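Okay, here's what each chain looks like letter by letter:
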Amino acid sequence: MSETRSNQLEVTREKMIKCAIEKGVLNNETIKLSEELDQLLNDFQYTDMSDIETKIEG
């Protein structure tokens, strides 16, 4: 995983946890951050799988 992507995941995760502690897990901002983190993780997984397929085919 690239350092930038890793950093972005970590920052978003920390924001989500802080928001959940301060505002609750059902707060709209917490949910939005959770969805953002999910999307980042999905993007990473898709990219990672594409890289593996490219290496196998190449």
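That block above? That's the structure.
Since the model is a prediction, treat every value here as computed from it, not as a measurement.

Enquirer: So what exactly am I meant to see when it comes to the side chain of Thr30 here?
Expert: Mapped onto the fold, Thr30 is located in helix α2 (residues 28–57). When near neighbours in sequence (up to four residues on either side) are disregarded, Thr30 contacts Met16, Cys19, Ala20, Gly24 and Val25.

Enquirer: Would you take a moment to explain the pattern of salt bridges for this structure?
Expert: Two side chains of opposite charge can pair, provided their charged atoms sit close to one another. Under the defined criterion, the tally for this structure stands at two salt bridges. Between Arg13 and Glu10 there is a salt bridge, and its shortest N-O distance comes to 2.6 Å. Here Glu10 and Arg13 lie together in helix α1 (residues 3–23), a separation of three residues that amounts to about one turn. Its salt-bridge partner being Glu29, residue Lys23 comes within 2.4 Å of it at the nearest N-O pair. The exposure class assigned to Lys23 is partly exposed, which follows from its relative accessible area of 45%. With a relative accessible area of 39%, Glu29 lands in the partly exposed category.

Rules and cut-offs
- Residues numbered from 1 in each chain as written.
- Predicted model: local features only at pLDDT ≥ 70, side-chain atom pairs only at ≥ 80, totals over all residues.
- Heavy atoms only, no water.
- Helix = DSSP H or I, 4+ residues; strand = E, 2+ residues; numbered from the N terminus.
- Contact = heavy atoms within 4.5 Å.
- Salt bridge = Lys/Arg side-chain N within 4 Å of Asp/Glu carboxyl O.
- Buried < 20%, exposed > 50% of the residue type's maximum accessible area, 1.4 Å probe, protein only.

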